[in-house]
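Coordinate inspection notes
Now for the letters of each chain:
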Amino acid sequence: MLKYLVGRIAGILPVLLVISVFVFGFVHLLPGDPARLVAGPDATQRDVELVRQDLGLDQPLWVQYGRFLGNAVQGEFGRSMKSKRPVSQEIGERFMPTLYLTVVAMVWATLAGLLIGVASATRRGRWQDHVGMVVAVSGIAFPSFWLGLLMIDLFSVKLGWLPTSGYGTWQHYVMPSLTLGLGVAAVMARFTRSAFIEIAREDYVRTARAKGVPARLVVWKHTLRNALIPIITMVGLQFGFLLGGSIVVETVFSWPGLGRLLVDSVNYRDYTVIQAEILLFSLEFIIINLLVDVLYALANPEIRYS
Amino acid sequence: MTTTDATGVAAAATHEAVRSPLREFWRKFRRNRTAMAAGFCLLALVLAAAAAPWIAPFDPAAFDYDRILEGPSAGHWAGTDAYGRDILSRILWGARISLSVGLLSVLLGGGAGVALGLIAGFRGGWIDSLIMRVCDVLLAFPGILLAIGIVAVLGPGVENVIYGVAIFSVPVFARLVRGSTLSLKRAVYVDAARAIGVRDRLLMVRHILPGTLPSVIVYVSMRIGTSILTAASLSFIGLGAQPPSPEWGAMLADGRSYIGVASHVTFYPGLAIFLTVLAFNLLGDGLRDALDPKLR
Amino acid sequence: MNRFVLPLLAGLLAGTALAGPAFAAKDLVVGLPDNITTLDPADINDTLSQSASRTMLQGLFGFDKDMKLVPLLAESFTVNDTATEYTYRLRKNVTFHDGTPFNAQAVKTNFDRLANPANRLKRQSLLAMLAETVVVDDYTITLKLAQPFGALNNNLAHPGAMIHSPKALETYGKEIGRHPVGTGPYKFVSWEADTLKVEKNDKYWKPGLPKIDHVTLKSVPENGSRIAMLQTNEAQFIYPLPSEMVKMVEANNQLELIDAPSIVARYVALNTMKKPFNDPRVRQALNYAIDKNAYAKVVYRGYAGPLDSAIPSKLGFHVTQPNQYTYDLAKAKALLAEAGYPNGFEAEMFGRNSTNFIRGMQFVQQQLSQIGVKLTVTPLESGVETARIWSVEKPEDATVQMNYSGWSASTGDADWGLRPLLWGKGFPPKFYNVAYYKNDTVDTAIEAGIATADDAKRAEAYRVAQEQIWKDAPWIFLGVENLLAGKSKKLTGFYYVADGGLQMEEADLQ
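Residues numbered from 1 in each chain as written. Chains lettered and ligands numbered in written order. Predicted model: local features only at pLDDT ≥ 70, side-chain atom pairs only at ≥ 80, totals over all residues. Heavy atoms only, no water.

In the annotation of an unreviewed UniProt entry, the entry for chain B reads Glutathione transport system permease protein GsiD, and the organism field reads Azospirillum lipoferum. Regarding chain B, the relevant UniProt record gives this comment under Subcellular location (unreviewed entry): "Cell membrane". (UniProt positions renumbered as here; feature names shortened; annotations may be inferred.)

The name given to chain A in an unreviewed UniProt entry is Glutathione transport system permease protein GsiC, and the organism recorded there is Azospirillum lipoferum.

1. Brief notes about the overall build of chain A
If you tally the helices and strands in chain A, you get 13 helices and zero strands. The secondary structure elements of chain A, listed N-terminal to C-terminal, are α-α-α-α-α-α-α-α-α-α-α-α-α. Overall, the C-alpha framework of chain A stretches about 85 × 60 × 30 Å when taken along its three principal axes. The buried share among the 306 residues of chain A stands at 57%. Within chain A, contacts between residues separated by at least 24 positions form 72% of all contacts whose residues are at least 6 apart in sequence. Carbon together with sulfur atoms contributes 67% to the accessible area of chain A, which is approximately 12900 Å² in total. Put simply, chain A has 27 plus and 21 minus side-chain charges, and the middle of one group is 13 Å from the middle of the other. (Helix = DSSP H or I, 4+ residues; strand = E, 2+ residues; numbered from the N terminus. Buried < 20%, exposed > 50% of the residue type's maximum accessible area, 1.4 Å probe, protein only. Contact = heavy atoms within 4.5 Å. Areas by Shrake-Rupley, 256 points an atom, 1.4 Å probe, with all protein chains shown as cover. Lys, Arg positive; Asp, Glu negative; His and termini not counted. Charge placed at Lys NZ, Arg CZ, Asp CG, Glu CD.)

2. Quick word on the interface of chain C and chain A
A common measure of how large an interface is: the accessible area buried when the components associate. Each partner contributes residues to the interface: chain C has 53 residues there, and chain A has 53 residues. Together chain C and chain A conceal approximately 4600 Å² of surface at their shared face, both sides included; 54% is due to carbon and sulfur atoms. The interface formed by chain C and chain A includes two salt bridges. Note that Arg 260 of chain A and Asp 194 of chain C form a salt bridge whose closest N and O atoms lie 3.1 Å from each other. At the junction of chain C with chain A, the criterion picks out eight residue pairs in polar contact (both at pLDDT 80 or more). For the side of chain C that touches chain A, the secondary-structure elements that each account for two or more residues are helix H1 (2–18), strand S10 (214–219), helix H6 (223–231) and helix H12 (382–390) of chain C. Among the elements that take part in the side of chain C that touches chain A, H1 of chain C stands out by supplying seven residues, more than any other. Considered class by class, the residues forming the side of chain C that touches chain A number 21 nonpolar, 17 polar and 15 charged. (Buried area = accessible area lost by both parts, 1.4 Å probe. Salt bridge = Lys/Arg side-chain N within 4 Å of Asp/Glu carboxyl O. Polar contact = N/O pair within 3.5 Å; in protein donor to acceptor, adjacent residues only side chain to side chain. Nonpolar A, V, L, I, M, F, W, Y, C, P; charged D, E, K, R; others polar.)

3. Notes on the UniProt feature "transmembrane region" (unreviewed entry) in chain A
Residues and elements named next belong to chain A. Mapped onto this numbering, the UniProt entry gives "transmembrane region" (unreviewed entry) at residues 12–30, 99–119, 131–152, 172–191, 231–258 and 278–299. As a span, residues 12–30 carries 95% helix and 0% strand, and end to end its C-alpha atoms are 27 Å apart. Span residues 172–191 is 100% helix and 0% strand, its end C-alpha atoms 29 Å apart.

4. Let's talk about the interface of chain B and chain C
Of the residues lining the interface, 20 residues belong to chain B; the matching set on chain C comes to 17 residues. Interface of chain B and chain C: buried area, both sides summed, is about 1700 Å²; carbon and sulfur atoms make up 56% of it. Between Glu 222 of chain C and Arg 256 of chain B there is a salt bridge, with its nearest N and O atoms 2.5 Å apart. In this structure, the connection of chain B to chain C is made through five residue pairs in polar contact (both at pLDDT 80 or more). Taken together, the residues that form the side of chain B that touches chain C break down as 12 nonpolar, four polar and four charged.

5. Notes on the domain arrangement of chain A
All names here are of chain A. Entries for chain A in the domain assignment read domain 1 (15–76) and domain 2 (95–305). For domain 1 and domain 2, the distance between their C-alpha centres works out to 36 Å. Counting from both sides, the interface comprises 16 residues of domain 1 and, opposite them, 11 residues of domain 2. Across the domain 1/domain 2 interface, buried area totals approximately 1300 Å², and carbon plus sulfur atoms make up 78% of it. (Domains from an automatic or database assignment.)

6. What to know about the UniProt feature "transmembrane region" (unreviewed entry) in chain B
Residue and element names in this part refer to chain B. In the numbering used here, UniProt assigns the feature "transmembrane region" (unreviewed entry) to residues 35–56, 97–122, 134–155, 161–177, 216–241 and 261–284. Here residues 161–177 runs as 88% helix and 0% strand, with 25 Å between its end C-alpha atoms. The straight-line gap between the two end C-alpha atoms of residues 261–284 is 37 Å; of that span, 88% is helix and 0% is strand.

7. A few points about the sheet that holds strand S4 (residues 74–79) of chain C
Residue and element names in this part refer to chain C. In space, the four strands of this open sheet follow the order S4-S5-S7-S6, with antiparallel pairing throughout. Each edge of the open sheet is held by one strand with a lone partner, namely S4 and strand S6 (130–137). The sheet shows a mean angle of 20° between the axes of neighbouring strands, taken without regard to direction. Here S6 pairs with strand S7 (residues 140–145) via six bridges, running antiparallel. Bridged to Asp 137 within S7 is Thr 140. (Pairing = 2+ DSSP bridges. Axes fitted to C-alpha atoms, helices over the stretch in contact; angles between N-to-C directions.)

8. What about unusual backbone geometry?
Residues and elements named next belong to chain C. The step from Leu 209 to Pro 210 runs through a cis peptide bond, and the omega angle for that step is -10°. Tracing the sequence through the fold places Pro 210 in the loop between strand S9 (195–200) and S10. For the bond running from Tyr 239 to Pro 240, omega is -15°, close enough to zero to count as cis. For Pro 240, the location among the structural elements is in the loop between strand S11 (237–238) and helix H7 (246–250). Even without being glycine, Ala 83 reaches a positive phi, approximately 60°. Checked against the element boundaries, Ala 83 lands in the loop between S4 and strand S5 (85–90).

9. Notes on the side chain of Thr 212 of chain B
Residues and elements named next belong to chain B. Looking at the element boundaries, Thr 212 is found in helix H10 (residues 200–237). Polar contacts involving the side chain of Thr 212 include one to the main-chain carbonyl oxygen of Leu 209, which spans 2.8 Å. Beyond its immediate chain neighbours, meaning those up to four positions away, Thr 212 contacts Val 177, Ser 180, Thr 181 and Leu 184.

10. Focus: the environment of Arg 54 of chain C
Residues and elements named next belong to chain C. The topology assignment puts Arg 54 in helix H2 (residues 47–54). Note on Arg 54: relative accessible area 17%, which makes it buried. Arg 54 sits 103 residues away from Ala 157 along the chain, and the two C-alpha atoms are 11 Å apart. Among all residues touching Arg 54, those that are not within four sequence positions of it are Pro 159, Met 162, Asp 499, Leu 502 and Gln 503.

11. Here we look at helix H9 (residues 292–300) of chain C
All names here are of chain C. When you tally the buried positions in H9, you get seven out of nine residues, the bulk of the element. For H9, the full list of buried residues reads Lys 292, Ala 294, Tyr 295, Ala 296, Val 298, Val 299 and Tyr 300. If you follow the buried residues of H9, they end up packed against strand S12 (255–270), helix H8 (280–288), strand S13 (304–305), helix H11 (355–368), strand S16 (402–408) and strand S17 (475–488). Measuring from the backbone nitrogen of Asn 293 back to the side-chain oxygen at the start of H9 gives 3.1 Å, which picks out Asp 291 as the cap.

12. Topic: the pattern of salt bridges
Two side chains that carry opposite charge are able to pair once their charged atoms sit near each other. All names here are of chain C. Applying the stated rule across the entire model yields 29 salt bridges over all chains. A salt bridge links Arg 359 to Glu 244, with the nearest nitrogen and oxygen atoms 3.5 Å apart. Of this pair, Arg 359 sits in helix H11 while Glu 244 is found in the loop between S11 and H7, placing the two residues 115 residues apart along the sequence. Comparing Arg 359 with Glu 244, the two get one shared label, buried. Between Glu 467 and Arg 463 there is a salt bridge whose closest N-O contact spans 2.9 Å. With a gap of four residues between them, Glu 467 and Arg 463 both fall in helix H15 (residues 455–472), about one helical turn apart. Assessed through its relative accessible area of 33%, Arg 463 is described here as partly exposed.

13. Side note on the environment of Asp 213 of chain C
Residue and element names in this part refer to chain C. The topology assignment puts Asp 213 in the loop between S9 and S10. Spatially, the C-alpha atom of Asp 213 lies 9.5 Å from that of Asp 202, the residues being 11 residues apart in sequence. Beyond its immediate sequence surroundings of up to four residues, Asp 213 is in contact with Ala 25, Lys 26, Asp 27, Val 198, Glu 199 and Lys 200. A polar side-chain atom of Asp 213 sits 2.7 Å from the main-chain amide nitrogen of Lys 26.

Listed below in structure tokens is the structure:
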């Protein structure tokens with residue numbers, strides 16, 4: 001187990017290196033001159049040149065990449081081209097809001113997804129199953145920005161129950177986490193249902209049932225426990241996706257998170273922020289994958305790593 | 001000569017084997033009323049999109065400055081937008097674009113993914129590792145981020161949206177097909193074909209590919225919905241299809257300022273997207289239950 | 001998961017506690033469309049960050065709510081005939097928020113900092129002509145210029161020339177943009193992610209001001225969410241208000257619409273070096289072919305006025321042109337035929353990819369189709385626009401035929417409304433003359449206008465320039481949009497100025 005862990009962690013580095021080249025290439029492929037964008041719409045050519053030197057964009061590409069990599073190794077990503085603040089600060093203050101929102105959305109969505117999924121699976125083929133699945137699948141079918149704006153119009157403007165947007169109190173979490181979690185809940189419900197149906201066919205569950213273990217107990221004790229492993233994987237995967245910050249939800253609800261930062265920085269060609277943010281996403285995702293694998297091992301000791 | 005004959009026999013045998021599962025599939029699928037309904041809805045939609053030039057009551061691009069933002073009426077069933085254009089006509093014409101975006105991006109991404117998955121699974125070794133590591137990297141980003149990246153580099157517009165959305169279907173299909181290929185590779189009929197000297201390429205295309213198709217078809221159906229939604233999100237960020245294109249996402253994004261004033265401007269395109277994506281997903285669910293109950 | 005949930009709950013509770021009602025204090029919330037980039041005005045190029053800094057910082061001059069130049073930290077000035085030496089008398093008994101006294105040395109520190117190219121400040125061009133600053137006494141300062149510059153006071157009224165506390169500049173260095181310390185009505189409190197908070201400056205030099213205790217500036221990019229904030233009174237002022245949302249403000253009796261002319265000119269620049277736009281008759285024909293009233297109605301729902309000269313009427317030295325291009329299709333067709341295009345022609349039009357630009361372009365496309373001119377509209381994303389239009393090195397390499405644009409001359413003066421756009425020496429990439437328009441009369445006039453501080457001479461120069469430009473029609477002159485914003489009726493003394501900036505010095509909540 002330990003050897004496996006060390007191996008996995010060591011394996012992260014080359015992947016990150018590849019991603020760093022990828023990301024660096026990507027920002028430089030973006031059309032548009034960041035110096036001119038940073039200098040602003042009514043800057044003169046001289047202003048633009050000053051900005052270019054200031055940003056180090058007059059250097060050859062390999063020098064720029066070397067500097068980026070050198071800094072990145074030390075956990076330093078330079079300053080944002082737009083705000084001139086250290087990128088670490090810029091990302092730091094936006095990380096927690098995204099994390100909190102992700103956690104809240106994941107918690108409700110996982111619970112709701114599990115409930116609907118189990119309910120559908122145990123009544124497979126009956127009307128409850130169909131209704132459950134149609135409801136769950138509806139969750140994925142909404143364009144989220146539209147849903148978000150409709151909710152603001154209804155719950156904030158018309159009814160006055162919730163604040164329109166922003167970040168702070170628990171009320172602020174309701175609509176964004178609902179919008180963000182809806183898709184996850186749908187995926188979880190579907191996934192739980194099929195995981196459940198499959199495990200219900202396994203021999204030990206049939207045996208348990210044949211032995212006269214009450215149906216409810218079979219569901220909760222035998223089936224759910226074994227369905228848990230694939231479900232953990234799914235939760236991990238979805239969590240990783242959401243941690244990237246939902247660009248759409250964060251924009252609609254003015255949530256000061258990473259997704260909005262990314263869109264802003266792409267629009268401003270803020271190279272340093274884009275690079276750091278994408279590296280962070282990849283790292284997050286890799287770590288979550290690792291955690292999922294470890295959880296796997298803990299949930300089911302029969303899985304061995306060689 | 002003998003080889004050709006043997007292949008012919010093998011192919012005929014496969015053909016024979018495929019037919020009865022098809023009937024079996026249809027028997028199962030027909031019982032799923034939700035999926036049948038979804039299928040019919042989609043069929044109707046495709047027909048309506050194809051017939052748009054004949055059934056759309058108005059020119060989708062014709063401005064009418066005297067009828068700006070009018071609600072649904074006998075003349076304009078879904079009302080008019082900020083330029084006085086007929087929303088129903090735009091939705092009908094937009095169905096062509098939105099469905100094409102969904103379909104083409106998935107076919108493109110799926111095609112590439114299936115090919116990669118087949119090769120990775122069949123060849124194994126370093127090719128397999130390489131392809132799968134690249135897929136891991138691609139999967140490490142939320143799909144919308146990849147799409148934003150691609151469209152930001154290529155520039156906004158329907159065509160680039162298709163490429164952007166296609167990219168993130170590639171690793172999903174590659175993984176799926178690689179998995180099936182690995183198990184099919186050891187199937188008896190494949191061994192048999194190999195034993196009589198069928199070449200690798202033919203083996204992959206003729207014998208393994210058909211076996212992976214059921215799961216691929218299910219995924220295609222579901223990914224189309226996701227692709228239509230992603231295209232809409234791209235429109236929201238301003239990187240999608242550009243107005244005046246009646247692509248549904250663009251209509252929705254363009255009309256969102258009118259929520260609360262003239263909600264019909266977004267209601268109908270929103271509904272169109274919702275129902276279409278729902279239908280594709282329900283169809284996918286039905287296909288899965290009928291084709292391959294083990295598939296998640 | 002516990003590791004995440006605990007701090008989360010703590011955060012939620014803390015948030016709830018902080019959000020308790022505030023008694024008696026007057027708190028104003030303003031909804032902005034975008035994030036503030038920095039609070040060092042010398043390094044700002046967006047109106048929004050300028051407005052934010054203006055709550056805390058001030059310059060020697062400023063603009064009042066009607067875009068008239070007014071002295072702020074300067075009391076009076078004198079200038080020599082050649083506009084190369086300006087002397088300013090400064091206001092006494094003014095202190096910065098950190099207690100540092102405001103004096104000539106403080107001004108010198110700031111101006112020397114701004115003018116020095118080594119500091120790489122984005123607004124360096126405002127004082128690029130500065131040769132030397134001389135402190136005459138504590139409250140007198142002389143600026144010596146390397147070449148004549150007649151619009152210096154306008155440049156000093158630009159937010160970019162606002163004055164930081166010299167002590168703060170020394171303490172914070174490069175971080176000054178996060179720690180603004182000025183002489184303005186409000187003091188800096190905090191700035192996190194998308195929210196800036198400022199509070200009342202009790203020692204403000206204007207007696208009785210400010211009246212608001214706390215001001216929060218919050219970035220809410222989504223139009224629908226921003227107007228929702230106003231409707232629920234979470235914000236008392238939001239801008240900009242898309243014209244399609246005006247109805248929502250009007251429908252609510254707690255809210256009031258702000259609707260005033262801006263200094264944003266909307267036009268289509270025609271590449272005068274390319275066929276068929278090299279023929280002035282073609283350019284005039286295009287001007288006649290567009291119904292400007294319909295433009296205002298369709299693109300801005302009526303919230304726009306005419307562009308009746310090369311610069312909007314709110315800019316200094318504007319002259320309304322007597323011979324307007326009134327909508328006249330017959331005349332347009334006749335002019336086209338005369339120029340040799342009786343059946344029109346095909347052309348491509350560039351423009352930004354924002355909703356309003358696209359709406360405007362679609363309108364122009366539809367109008368010109370009436371005289372047989374078939375336009376392909378190509379919306380460009382900002383990065384692409386830069387590459388395709390502004391970074392083109394040589395005029396002959398330019399691919400632009402028509403460019404739908406807007407321009408806001410942030411100094412409020414005719415110079416910045418004309419020189420960057422229509423001066424023969426201002427082709428891209430130097431400036432923004434994307435019409436590639438070059439006319440000797442206009443060039444001479446623009447150069448004469450900036451070479452003196454004598455208002456009569458300047459007025460004459462800009463009159464000549466505007467007249468010639470109007471006749472040559474290097475643009476399709478479309479209109480001047482109105483500034484639209486929504487505010488709570490309880491909010492008074494809060495101004496949305498023609499340059500798109502906000503002034504909240506006199507703001508009060510009833």
